[in-house]
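Breakdown of the fold
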Amino acid sequence: MMESLVRSFLSYLRVEKGLAKSSISSYGGDLRKFAAFAEKRKLKLENIRSEHVVDYLAGLYQLKLDSRSVARHLVSLRHMLRFAVSEGLLKTDPAENMEAPRFRPRLPTHLSVDEARRLIEQPDTRTPEGMRDRAMVELLYSTGMRVSELVGLKAEDVNLESGVLRCIGKGDKERLIPVGRAAIAAVQEYLKHGRSKILHGRSCAYLFMTRRAQRMARETFWTRLKTYGREAGLRTELTPHKLRHTFATHLLEGGADLRSVQMMLGHADISTTQIYTHVVQERLKQVYRAHHPRA
């Protein structure tokens, strides 16, 4: 019964909510753990009580999961149990009034302006693949896209004349993002001298592809990005998401407001973007110290 509910809920997330595959996979991983917990205790859905949810969360702590991970499992479970109530499978939600574990927000790490410059300079633009990689890194830093959004770009999604690209984000939501001059120049160079050599007479709808004329997998680009990070002498391991954080941080340090950054990042809720408020607060302190007569 519990496995059946998990499958129905995941199908609802895919069909009704339009969630990305990665999000559905994350929900599925969390909820199958609860299904295994319920099966082990021979619990039917209608018999689940709040004390069972407490026992389940306590078991996650015993598995050495941190508070952030436990909180995520509880959120996943809450969504599924609410779905069960809405479908008439449960009368009440046993996790409805349960408080999530408290944890200190983890501030995102980012590159300095100099580190970002060094990273961008790593691909060898004398080769078609180097032109492609340079354009990809420039676009990530210039737009703050998710890596899945970057590899999903079609050639017609980028309007180089107007300096804007069309991006399909989570839940198939479309947004327009401005593109900086350096990124436009890198994409133009790639389109003019690199892409046709990679395609070698074949066709591909996607902007960035491999020698097989297939869309580049995000894992492939991640691996290449880490290599460039090491070659640039970066102190920590580089991920595409770190470039997304770098984009947001550098914008805010330069004076952008949170609402504008939220729209460019494609965050549905401003609360998600508020992890960057420490950047805004630090900039305000600098302005205060620089301009207040008694600072």
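Above: the structure in question.
Residues numbered from 1 in each chain as written. Predicted model: local features only at pLDDT ≥ 70, side-chain atom pairs only at ≥ 80, totals over all residues. Heavy atoms only, no water.

1. What about the overall build of the chain?
Counting its secondary structure elements, the chain contains 13 helices and three strands. Within the chain, the fraction of its 295 residues that count as buried is 42%. Long-range pairs, those at least 24 residues apart, make up 58% of the contacts in the chain with a sequence separation of at least 6. When the accessible surface of the chain is totalled, it reaches about 17100 Å², and 50% of it is carbon and sulfur. (Helix = DSSP H or I, 4+ residues; strand = E, 2+ residues; numbered from the N terminus. Buried < 20%, exposed > 50% of the residue type's maximum accessible area, 1.4 Å probe, protein only. Contact = heavy atoms within 4.5 Å. Areas by Shrake-Rupley, 256 points an atom, 1.4 Å probe, with all protein chains shown as cover.)

2. Remarks on the packing of aromatic side chains
Scanning all chains against the criterion turns up eight aromatic pairs. What links up through ring pairs into an aromatic cluster is the set Phe9, Tyr12, Tyr27 and Phe83. A cation sits over an aromatic face here: Lys154 above Tyr206, 5.3 Å from the ring centre. In this structure, Arg215 packs its charged tip against the face of Tyr206, placed 5.1 Å from the ring centre. (Phe/Tyr/Trp six-rings, centres within 6.5 Å; stacked < 30°, edge-to-face > 60°. Lys NZ or Arg CZ within 6 Å of the ring centre and 35° of its normal.)

3. Observations concerning the sheet that holds strand β3 (residues 174–178)
The three strands lie next to each other as β1-β2-β3, forming an open sheet whose pairing is antiparallel. Edge positions in the sheet fall to β1 (158–159) and β3, since each of these pairs with one other strand and no more. Pairing of β1 with strand β2 (residues 164–168) involves two bridges; the strand directions are antiparallel. Directly across from Val158, in β2, lies its bridge partner Leu165. (Pairing = 2+ DSSP bridges.)

4. Thoughts on the packing of helix α1 (residues 2–15) against helix α2 (residues 21–40)
Between two packed helices, the angle of one axis relative to the other and the distance separating the axes together describe the packing. Their axes nearest at 9 Å, the elements α1 and α2 cross at an angle of 165°. The angle between α1 and α2 falls in the class roughly antiparallel. Classified by chirality, the crossing of α2 by α1 is right-handed. Here Met2, Glu3, Val6, Phe9, Leu10, Leu13 and Arg14 of α1 lie close against α2, whose contacting residues are Ile24, Tyr27, Gly28, Leu31, Arg32, Phe34, Ala35 and Ala38. A breakdown of the residues in the contact of α1 with α2 according to their chemical character gives 11 nonpolar, one polar and three charged. (Axes fitted to C-alpha atoms, helices over the stretch in contact; angles between N-to-C directions. Parallel < 35°, antiparallel > 145°, perpendicular 65-115°, else oblique. Left-handed = near helix turned anticlockwise from the far one by under 90°. Nonpolar A, V, L, I, M, F, W, Y, C, P; charged D, E, K, R; others polar.)

5. Describing the side chain of Asp157
Considering the arrangement of structural elements, one finds Asp157 in the loop between α7 (147–151) and β1. Polar side-chain contacts of Asp157 include one of 2.7 Å to the backbone nitrogen of Lys154. Those residues in contact with Asp157, other than ones at most four positions away along the chain, are Gly152, Val164, Leu165 and Arg166. (Polar contact = N/O pair within 3.5 Å; in protein donor to acceptor, adjacent residues only side chain to side chain.)

6. Focus: the packing of helix α5 (residues 113–120) against helix α6 (residues 128–143)
At a closest axis distance of 9 Å, the pairing of α5 and α6 adopts a crossing angle of 155°. For the element pair α5 / α6, the angle class is roughly antiparallel. Residues Ala116, Leu119 and Ile120 of α5 form the contact with α6, whose own contacting residues are Arg134, Val137, Glu138 and Tyr141. When grouped by side-chain class, the residues that make up the contact of α5 with α6 number five nonpolar, no polar and two charged.

7. Here we look at the pattern of salt bridges
One pass over the structure, following the stated rule, counts 15 salt bridges. When the shortest N-O distance is used, the salt bridge between Arg235 and Glu115 registers 2.9 Å. Here Glu115 lies in helix α5 and Arg235 lies in the loop between α9 (218–231) and α10 (240–253), a separation of 120 residues in the sequence. Judged by relative accessible area, which is 7%, Glu115 ranks as buried. For the salt bridge of Arg211 with Glu129, the shortest nitrogen-to-oxygen distance reads 2.5 Å. Taken together, the residues Arg211 in the loop between α8 (181–199) and α9 and Glu129 in helix α6 connect sequence positions 82 residues apart. Look at the salt bridges and you will find they share partners, linking Asp114, Arg117, Arg118 and Glu121 into a network. (Salt bridge = Lys/Arg side-chain N within 4 Å of Asp/Glu carboxyl O.)

8. Focus on unusual backbone geometry
Phi is positive for Lys64, which is not a glycine, with a value near 75°. Examined against the element boundaries, Lys64 turns out to sit in the loop between α3 (50–62) and α4 (67–86). Its relative accessible area of 75% is what places Lys64 among the exposed residues. At His200, a residue that is not glycine, the phi angle is positive and equals roughly 55°. Following the sequence through the fold, His200 ends up in the loop between α8 and α9. Of the residues examined, His200 reaches a relative accessible area of 66% and is grouped as exposed.

9. Let's talk about the side chain of Glu149
When you line up the elements, Glu149 lands in helix α7. A distance of 2.9 Å separates a polar atom in the side chain of Glu149 from a polar atom in the side chain of Arg175. Sequence-distant contacts of Glu149, that is, excluding residues within four places in its chain, are made with Cys167, Ile168, Gly169, Lys170 and Arg175.

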